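# Understanding the architecture of this molecule
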Amino acid sequence: MSDQTMTKSPSRLRRALDSDLYYAFRTSPVAMISAFVSILLILAAVFAPLVATTNPFDPSSLNLMNGFTPPMTDNAFTGDSFIMGTDDQGRDVFSTILYGMRISLFVGVAAVLFALVLGVILGLLAGYAGGWTDTIIMRAADVQLTFPSILVAMLVFGIAKGITPVEYRDQMAIWVLILAIGLSDWVQFARVVRGATLVEKSKDYVAAARLIGRPPLAIMLRHILPNVLSPVLVIATISLALAIIAEATLSFLGVGAPPTQPSLGTLIRIGQQFLFSGEWWILFFPACTLLALALSVNLMGDWLRDALNPRLK
């Protein structure tokens, strides 16, 4: 058994290396650079406690005398130097970016997963059941598409925060933010899955499953779902960049992450207050990090969409 396993593993690896997808990846400089930047930023956020010089959100580690220290400059009072400077509270901007990026990535990934699950379930139901089920789900999707997603997210965030007890609002703010962004992005998943389900349910393997008595839920999950996941994964990659930007927008407007758990959007909002007083670095470095993260993930999604599109081959 062990010999068979050892012989199968290299063959699977070899098939992956010889696949068209890997060839398209290694022959695309944009895909390789964007993948490198995305992985680098994600790893920096995941291992922020090991990479960051201090925990910027630990009040005991702050020194107000280090406030407004420019990048790569010794502080006049403490003599400390920071690679990206400090903010008004003496927090190391480099460390705040790493910890803030953790919040942004967590919210973005969780919101996309929530929208994916909700959209796939509703899309499968609409495409397979048809009739009134399809009509109700798709008309709800059409109504939501008439509103900008950021407005839908702000509406959901406001309602959810309003019904949350005051003493739990800061603790639940991140989860409410995930709910708001997820509910604003499920439509595109549902529409794509519905269209693919309409095509798949008319094929012979679905008719054979019905003939042998398979229940509708089993047919949808075991037979149709695996065949409609490819476009869903592409949409999820692109949606991740949009979710990160949506979170930053909401936090910049003051209706996102709480001050006790600032994300990149919160850091940009804080830095914007000091832009015209000369402390440009408080805004500049978080904004550049958000731009690099969103752009690299978005470029990866665009490449993946083109690589998996059979019409372009």
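Residues numbered from 1 in each chain as written. Predicted model: local features only at pLDDT ≥ 70, side-chain atom pairs only at ≥ 80, totals over all residues. Heavy atoms only, no water.

How we decide: UniProt positions are given in the numbering used here, feature names are shortened, and annotations may be inferred rather than shown by experiment.
Under an unreviewed UniProt entry, the name given to the chain is Peptide/nickel transport system permease protein, and the source organism is Pseudooceanicola nitratireducens. Annotation of the chain in UniProt includes, under Subcellular location (unreviewed entry), the sentence "Cell membrane". Annotation of the chain in UniProt includes, under Sequence similarities (unreviewed entry), the sentence "Belongs to the binding-protein-dependent transport system permease family."

## Re the packing of aromatic side chains
What counts here: Each aromatic pair joins two rings of Phe, Tyr and Trp (for Trp, the six-membered one) with centres within 6.5 Å, and gets the label stacked for planes under 30 degrees apart, edge-to-face for over 60, and tilted for any other angle. Only protein chains enter the accessibility calculation, which uses a 1.4 Å probe. A residue is then buried if its area is under 20% of the maximum for its type, exposed if over 50%, and partly exposed in between.
The tally for this structure, following the rule as stated, stands at eight aromatic pairs. Ring centres of Trp280 and Phe284 lie 5.8 Å apart, and the angle between their planes is 75°; on these two criteria the pair is classed as edge-to-face. Given the relative accessible area of 40%, Trp280 is considered partly exposed. Look at Phe284 and you get partly exposed, because its relative accessible area is 41%. Ring geometry for Trp280 and Phe285: centres 6.0 Å apart, planes at 45°, overall tilted. Overall, Phe285 belongs to the buried group, its relative accessible area being 18%. Three or more aromatic residues link up through ring pairs in this structure, and these residues are Trp280, Trp281, Phe284 and Phe285.

## Concerning the UniProt feature "domain: ABC transmembrane type-1" (unreviewed entry) in the chain
Where we set the bar: Working definition: helices are DSSP H or I runs of at least four residues, strands are E runs of at least two. Numbering for both runs from the N terminus.
Sites flagged by UniProt as "domain: ABC transmembrane type-1" (unreviewed entry) map to residues 101–301. A distance of 20 Å separates the end C-alpha atoms of residues 101–301, which is 81% helix and 0% strand.

## A word on the nonpolar core
Side chains that are nonpolar tend, in soluble globular proteins, to be buried together. This is how it is decided: Among buried residues, the Ala, Val, Leu, Ile, Met, Phe, Trp, Tyr and Cys ones that are joined through side-chain atoms within 4.5 Å form a nonpolar core. Whether two residues are in contact is decided by their heavy atoms: any pair within 4.5 Å suffices.
Met101, Ile181 and Phe189 are the most contacted members of the largest nonpolar core, which totals 65 residues. Aside from chain neighbours lying at most four places away, what touches Ile181 is Val107, Ala111, Ala153, Ala243, Ala246, Glu247 and Leu250. Counting residues in each nonpolar core, the second largest holds eight residues, with Ala35, Met300, Trp303 and Ala307 among its members.

## Overview of the packing of helix α3 (residues 29–46) against helix α5 (residues 93–129)
Heads up, the condition is: The axes are straight lines fitted to the C-alpha atoms, using for helices just the contacting stretch, and the angles between their N-to-C directions are given from 0 to 180°. Should an angle fall under 35 degrees it is taken as roughly parallel, and over 145 as roughly antiparallel, whereas 65 to 115 is taken as roughly perpendicular and any remaining angle as oblique. Gly falls in the polar group here, along with every residue not listed as nonpolar (Ala, Val, Leu, Ile, Met, Phe, Trp, Tyr, Cys, Pro) or charged (Asp, Glu, Lys, Arg).
Contact geometry for α3 and α5: axes closest at 8 Å, N-to-C directions at 105°. When the interaxial angle is binned, α3 and α5 end up roughly perpendicular. Between α3, through Leu41, Ile42, Ala44, Ala45 and Val46, and α5, the contact on the second element is made entirely by Leu98, Met101, Arg102 and Leu105. Residues that form the contact of α3 with α5 fall into these classes: eight nonpolar, no polar and one charged.

## Things to note about the side chain of Thr164
The criterion, for reference: Think of a polar contact as two N or O atoms within 3.5 Å of one another; within protein, one of them needs to be a possible hydrogen donor and the other a possible acceptor, and neighboring residues in sequence only count if both atoms come from side chains.
Residue placement: Thr164 occurs in the loop between α7 (149–163) and α8 (169–200). Only 2.6 Å separates the side chain of Thr164 from the backbone oxygen of Ala160, close enough to count as a polar contact. The contact partners of Thr164, leaving out residues within four places of it in the chain, are Arg169, Met172 and Val176.

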